[in-house]
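Analysis of the macromolecular model
What follows is each chain in one-letter form.
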Amino acid sequence: MAVVTDPQTPAPAGPPGPPAPPAPPDGGRRRVIAMSVWAVAFVVGWLGIGLPTDPAYAFLWIWAGTVAWNSHRPWRTHLLFARDWVPVVLLLAAYNLSRGFADNGATPHAMELIVADRFMFGWATGGEVPTVWLQEHFYRPEVRWWDVLASWVYFSHFVVTLAAAAVLWMRNRRRWAAYMRRFGFLCAAGLVTYFLYPAAPPWWAAQNGLLTEVARISTRGWKAFGMHGAGNLLNAGQIASNPVAAMPSLHTAWALFVVLFFLGATRRRWWPLLLAYPLAMTFTLVYSGEHYVIDVLVGWAYVGMTFLVVGLAERWWAARRSRRAPVTSEPAGGGPGGPEPGDGGPEPVGPAAAGDPPVVPAAR
């Protein structure tokens, strides 16, 4: 399992990534100034318009952040970012739009999700689903500190996955491509499930008399700081979104996906902190009435399926390339040639890459 799901599996060659930047001659002062301007502009936009939860709006802020961080680079590099990311943004926009058609006017599934959560946790919650039990014990009319934390964790869903992708793009475009292949597969698998099995969240079940009262409270924490407009875009998106896209929970799936992708390259002492993120997302979604626990578990299962399927596909493609390599990639005379491995460049191919013994020169 660990072998076939390694996100660093060699991928098909693509356009070269951005060149390694030279050290800023001013010792990074230009970067500090540019990032400070970006941070101020982000806060102003956040308070005036809302947090960037729309894919296109988030992309603009992420792109601006990469421009500010690499302000010493030529504009050609920044245009490469847009070229690589526009398809990703269009995919996410199509994903958001298509979710709205998932129900096709049919009554969503709800009762079986309630039964599943009661079966798993009813012994500890007095027969209630975890959402109802958590709100009975933690929800108060006044905003508490855990409400603030939950709102920030909920918002992170719209930023962390794309921000991690932006960092990967700047550091190693090959790993960025591997990351985006898995991310795209995960989103596509979730979307197909929404069409095949439209399911409603706990707050919808409460509104339709299937559960006792459940408040939808994922964004209430910002009110504690007087930031009533911080969630404008998010609240508008919640109103316009399809309430039958609850199974699987891609909120927790994305959180676990990001953590697992980087887990192997992280020191083990940091693993508990990283793994706390999908757990915090789980608590947030269940407590705020957005998802059942069964939605979360299925979302995690989709993450495992994603790494397995995409990892196997990448290994198959690499083996296929290595079988074809001896005919097309060995330089004449057996001397050195071909591309060097690096960000965005093709992997070295040929007999050596395929595991064949080295060629012995005829003179020997």
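All values derive from a computational prediction rather than experimental measurement. (Residues numbered from 1 in each chain as written. Predicted model: local features only at pLDDT ≥ 70, side-chain atom pairs only at ≥ 80, totals over all residues. Heavy atoms only, no water.)

Before going further, it helps to spend a moment on the confidence of the model for the chain. Scored by pLDDT, the chain comes out at a mean of 77, with 72% of its residues at no less than 70. Every residue in residues 1-14 is under pLDDT 50, and counting partners more than four places away or in other chains gives 32 contacts. Taken as a whole, residues 235-240 scores under 50 in pLDDT and shows six contacts with residues more than four places along the chain or in a different chain. (pLDDT = per-residue confidence, 0-100. Contact = heavy atoms within 4.5 Å.)

This part covers the nonpolar core. By size, the foremost hydrophobic cluster in this structure holds 37 residues, and its most contacted members are W85, W176, Y179, L186 and F257. Looking at this core, the elements that each hand over two or more residues are α2 (55-69), α3 (75-99), α7 (160-171), α8 (173-196), α11 (250-263) and α13 (293-328). Not counting residues up to four positions away in its chain, the partners in contact with W85 are F59, L162, A165, A166, W169 and W176. (Core = buried A, V, L, I, M, F, W, Y, C linked by side-chain atoms within 4.5 Å. Buried < 20%, exposed > 50% of the residue type's maximum accessible area, 1.4 Å probe, protein only. Helix = DSSP H or I, 4+ residues; strand = E, 2+ residues; numbered from the N terminus.)

With that settled, consider empty space enclosed by the protein. A complete count under the given rule lists one cavity of 30 Å³ or more for this structure. The volume enclosed by the largest cavity comes to roughly 40 Å³. Every residue lining the largest cavity is listed: W63, T66, V67, N70, R73, T77, H78, F81 and W169. Secondary-structure elements contributing two or more residues to the lining of the largest cavity are α2 and α3. Classifying every residue of the lining of the largest cavity by side-chain character gives four nonpolar, four polar and one charged. (1 Å grid on protein atoms, 1.4 Å probe; cavity = no way out; pocket = protein on both sides within 12 Å on 5 of 7 lines; lining within 4 Å. Points joined across faces, edges and corners; volume = space filled by probe spheres on them. Nonpolar A, V, L, I, M, F, W, Y, C, P; charged D, E, K, R; others polar.)

With that settled, consider a nonpolar patch on the surface. A grouping of M305, L308, V309 and L312 is seen on the molecular surface, where their side chains present a nonpolar patch of about 280 Å² in accessible area. By secondary structure assignment, the location of L308 is in helix α13. Exposure remark for L308: the relative accessible area of 32% places this residue in the partly exposed category. (Patch = residues over 30% accessible without salt bridge, like charges linked within 9 Å, V, L, I, M, F, W, Y side chains within 5 Å. Areas by Shrake-Rupley, 256 points an atom, 1.4 Å probe, with all protein chains shown as cover. Salt bridge = Lys/Arg side-chain N within 4 Å of Asp/Glu carboxyl O.)

What follows concerns the pattern of salt bridges. Two side chains carrying opposite charge are able to pair once their charged atoms lie near each other. Inspection of the entire model under this criterion finds seven salt bridges. Its salt-bridge partner being E290, residue R216 comes within 2.9 Å of it at the nearest N-O pair. In this pair, R216 is assigned in the loop between α9 (202-207) and α10 (232-240) and E290 in the loop between α12 (271-287) and α13, connecting sequence segments 74 residues apart. Given a relative accessible area of 31%, R216 falls into the partly exposed group. Members of the salt-bridge network, linked through shared partners, are R83, D84 and R173.

The next point concerns unusual backbone geometry. Residue P248 is reached from M247 by a cis peptide bond, and omega for that bond is 0°. Relative to the assigned elements, P248 resides in the loop between α10 and α11.

Let's shift gears to helix α4 (residues 111-125). For α4, spanning 15 residues, the distance from its first C-alpha to its last is only 18 Å, which falls clearly below the expected 21 Å at 1.5 Å a residue. At F119, α4 shows its strongest bend, of approximately 50°. Listed as buried for α4 are L113, I114, D117, G122 and T125. At the exit of α4 stands G126, carrying a positive phi of roughly 70°. (Expected span 1.5 Å × (residues − 1). Bend = angle between axes of the 7 residues up to and from the residue.)

With that settled, consider the packing of aromatic side chains. Given two aromatic rings, one states the distance between the centres and the angle between the planes to describe the pair. For the coordinates displayed, the defined rule picks out 24 aromatic pairs. Pairing F138 with W146 gives two aromatic rings, centres 5.9 Å apart and planes at 80°, and the pair type is edge-to-face. Given a relative accessible area of 29%, F138 falls into the partly exposed group. Note on F138 and Y287: the rings are 6.5 Å apart at their centroids and 85° apart in plane angle, and the pair reads as edge-to-face. Taken together, the residues span a long stretch of sequence, with F138 in helix α5 (residues 130-138) and Y287 in helix α12 at a distance of 149 residues. Aromatic rings pair up to connect Y179, F183, W254, F257, F261, F262 and F307 into one cluster. Above the ring of W69, the side-chain terminus of R31 is found at 4.2 Å from the ring centroid. (Phe/Tyr/Trp six-rings, centres within 6.5 Å; stacked < 30°, edge-to-face > 60°. Lys NZ or Arg CZ within 6 Å of the ring centre and 35° of its normal.)

Let's shift gears to the side chain of T131. Within the secondary structure layout, T131 lies in helix α5. Exposure remark for T131: the relative accessible area of 0% places this residue in the buried category. Discounting chain neighbours no more than four positions away, the residues touching T131 are P202, V214, V286, G289 and H291.

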